[in-house]
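Residue strings, one per chain:
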Amino acid sequence: MTVNVGTRDRLVRLVIGAVLLAAPFVTNFALFNSTTATAISVVAGIVLLATSAIRFCPVYRIFGLRTCQA
C-alpha cells in the first residue's frame, strides 16, 4: 500500500469524518430519526477516519489520483 493521501486531504477527511460520526448522536436533526441515515453517516465517518489514519484511499488508487507530494 503506497501513500496517496496528502496532509490537507488528510485533515479534511479527519474533520468531516469526525462530524459525520458524531452528528447522529449530538444533533437533533430530523434526518437522523431514520436508522438508515444514522448508519450511513456512521459508516461514512469511519471510512473517512480510517483513510485519514492510514493515508491510503482505494478510490484514489482506482482513478490514479494522489494528493501527496511523495
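What you are looking at is a predicted structure, and each value in this text was computed from that prediction instead of being measured.

## Thoughts on the environment of Arg 10
For step 1, the next point in the chain: Tracing the chain through its elements places Arg 10 in helix 1 (residues 7–26).
For step 2, the next point in the chain: Arg 10 gets classed as partly exposed once you look at its relative accessible area, which sits at 32%.
For step 3, the next point in the chain: Among residues more than four places away in sequence, those in contact with Arg 10 are Val 5, Ser 52, Ala 53 and Arg 55.

## Some thoughts on helix 1
Each α-helix turn comprises 3.6 residues. Residues three or four places apart therefore point the same way.
For step 1, the next point in the chain: Between its first and last C-alpha, helix 1 extends 28 Å over 20 residues, near the 28 Å set by a 1.5 Å rise per residue.
For step 2, the next point in the chain: Within the span of helix 1, buried status applies to Asp 9, Arg 13, Gly 17, Ala 23 and Pro 24.
For step 3, the next point in the chain: For helix 1, the secondary structure elements touched by its buried residues are helix 2 (35–54) and helix 3 (58–63).

## What to know about the packing of aromatic side chains
For step 1, the next point in the chain: Under the counting rule described, the total for this entry stands at one aromatic pair.
For step 2, the next point in the chain: Positioned above the aromatic ring of Tyr 60 is the side chain of Arg 13, whose terminal nitrogen or guanidinium carbon lies 4.9 Å from the ring centre.

## Some details on helix 2
For step 1, the next point in the chain: With 20 residues, helix 2 extends 29 Å between its outermost C-alpha atoms, agreeing within 8% with the 28 Å of an ideal straight helix rising 1.5 Å per residue.
For step 2, the next point in the chain: Residues of helix 2 that are buried: Ala 37, Thr 38, Ser 41, Val 42, Gly 45, Leu 48, Thr 51 and Ser 52.
For step 3, the next point in the chain: Capping the start of helix 2, Ser 34 holds a side-chain oxygen 3.3 Å from the backbone nitrogen of Thr 36, two or three residues further along.
For step 4, the next point in the chain: Arg 55 occupies a position one or two residues after helix 2 and carries a positive phi of about 60°.

## Focus on the side chain of Thr 38
For step 1, the next point in the chain: Relative to the helices and strands, Thr 38 resides in helix 2.
For step 2, the next point in the chain: Engagement of the side chain of Thr 38 in a polar contact is seen with the backbone oxygen of Ser 34, the distance being 3.1 Å.
For step 3, the next point in the chain: If near-sequence neighbours (up to four positions away) are discounted, Thr 38 is found in contact with Pro 24 and Phe 32.

## A few points about the side chain of Asp 9
For step 1, the next point in the chain: Along the chain, the position of Asp 9 falls in helix 1.
For step 2, the next point in the chain: The class for Asp 9 is buried, based on a relative accessible area of 15%.
For step 3, the next point in the chain: Setting aside residues no more than four positions away along its own chain, Asp 9 makes contact with Tyr 60 and Thr 67.

## Side note on the state of the cysteines
For step 1, the next point in the chain: All chains considered together, the criterion is met by zero disulfides.
For step 2, the next point in the chain: Note on Cys 57: no disulfide assigned, nearest cysteine sulfur contributed by Cys 68 at a separation of 12 Å.
For step 3, the next point in the chain: For Cys 57, a relative accessible area of 7% translates into the label buried.

The rules behind each value
Residues numbered from 1 in each chain as written. Predicted model: local features only at pLDDT ≥ 70, side-chain atom pairs only at ≥ 80, totals over all residues. Heavy atoms only, no water. Helix = DSSP H or I, 4+ residues; strand = E, 2+ residues; numbered from the N terminus. Buried < 20%, exposed > 50% of the residue type's maximum accessible area, 1.4 Å probe, protein only. Contact = heavy atoms within 4.5 Å. Expected span 1.5 Å × (residues − 1). Phe/Tyr/Trp six-rings, centres within 6.5 Å; stacked < 30°, edge-to-face > 60°. Lys NZ or Arg CZ within 6 Å of the ring centre and 35° of its normal. Polar contact = N/O pair within 3.5 Å; in protein donor to acceptor, adjacent residues only side chain to side chain. Disulfide = S-S within 2.5 Å.

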